[in-house]
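Examining the three-dimensional arrangement
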Amino acid sequence: MAELIFFAGTMDCGKSTLALQMDHNHRARGRVGIIFTRLDRSGEAVLSSRLGLSTSAVEVAEELDFWETVVASLTAGARVDYLICDEAQFYTREQVDQLARIVDELDIEVFAFGITSDFRTELFPGSQRLIELADRTQVLQVSALCWCGRRATHNARVVDGVMVVEGEQVVVGDTAEPARESHVEYEVLCRRHHMRRMNSRAAQTAAQSADVLPFDLDACPVPPPG
Ligand SMILES: [Zn+2]
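Residues numbered from 1 in each chain as written. Predicted model: local features only at pLDDT ≥ 70, side-chain atom pairs only at ≥ 80, totals over all residues. Heavy atoms only, no water.

1. Thoughts on the UniProt feature "active site" (unreviewed entry) in the protein chain
- UniProt's entry tags E87 with the feature "active site" (unreviewed entry), counted in the numbering of this structure.
- Relative to the helices and strands, E87 is located in the loop between β6 (82-85) and α3 (93-106).
- Look at E87 and you get buried, because its relative accessible area is 7%.
- Residue contacts for E87: discarding those within four places in its chain leaves K15, S16, T37, R38, D40 and F113. (UniProt positions renumbered as here; feature names shortened; annotations may be inferred. Helix = DSSP H or I, 4+ residues; strand = E, 2+ residues; numbered from the N terminus. Buried < 20%, exposed > 50% of the residue type's maximum accessible area, 1.4 Å probe, protein only. Contact = heavy atoms within 4.5 Å.)

Right under this line is the structure:
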């Protein structure tokens, strides 16, 4: 019996590497799959991992219909045993519904990989729908660490070095589009530092001013005793 499985994690948790590994393992057993992704860091229609591995993939445009795409493949005589769906947080709710239907009616396995929540700590619509519908949600063990050394569980958006908690839900950072006016990047933090909006740059600045602080305090007049 096919299943819809959602592998959920933060950024930097190695989920794209796992997606590639999953595809490799199934292909090694003679199975045939289709790989989908959306807004991958290295551009359209590529699934890539931070470790430098990559493979071609079908870009999930807003209007892509998974059901129609897979049915068209099958009708054309192709074999489809499984789907690998990376960056699933960016899929629409309707697209996730289509994935569930593919599992139930075509008996094709779907492995979805995605980030659970955005830089404001709110669930992405695609991830929310996956949590609602998946046969299983597997939380990927976080290997990423906050600058303080705690496990990094939250994603932060950093614009020109400063952490922000407002803005559009989807802004892809560090892509091949350097002409953007402000530099957007992402950093994973522990919850404590996400709540305090203290990304690594802010922590550095705070540490530097802490170095200066004792001198400032020494300069304060000491009240006379009694
Ligand atoms: Zn921290």
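Next comes the rest of the write-up.
2. Observations concerning the coordination of the zinc ion
- Around the zinc ion, the protein contributes the donor atoms C146 (SG), C148 (SG), C190 (SG) and H193 (ND1), which lie 2.1 to 2.3 Å from the metal centre.
- Donor residues for the zinc ion sit on one chain with the sequence pattern C-x1-C-x41-C-x2-H. Placement of C148 in the loop between β8 (136-139) and β9 (154-159) and of C190 in the loop between β11 (184-189) and α5 (191-195) is noted, with a sequence separation of 42 residues between them.
- The class for C190 is buried, based on a relative accessible area of 2%. (Donors = N, O, S within 2.8 Å, 3.2 Å for Na, K, Ca; no water.)

3. Details of the UniProt feature "binding site: substrate" (unreviewed entry) in the protein chain
- What UniProt calls "binding site: substrate" (unreviewed entry) maps, in this numbering, to V170, V171, V172, G173 and Y186. Considering the C-alpha atoms alone, the annotated residues occupy 17 residues of sequence yet fold into one spot, their largest mutual distance being 11.6 Å.
- Mapping V170 onto the fold places it in the loop between β10 (162-164) and β11.
- Taking the relative accessible area as the measure of exposure, V170 reaches 35% and is therefore partly exposed.
- Filtering out sequence-adjacent residues up to four positions away, V170 remains in contact with L39, F90, F124 and R157.
- Position of G173 relative to the elements: it lies in the loop between β10 and β11.
- If near-sequence neighbours (up to four positions away) are discounted, G173 is found in contact with V184 and Y186.

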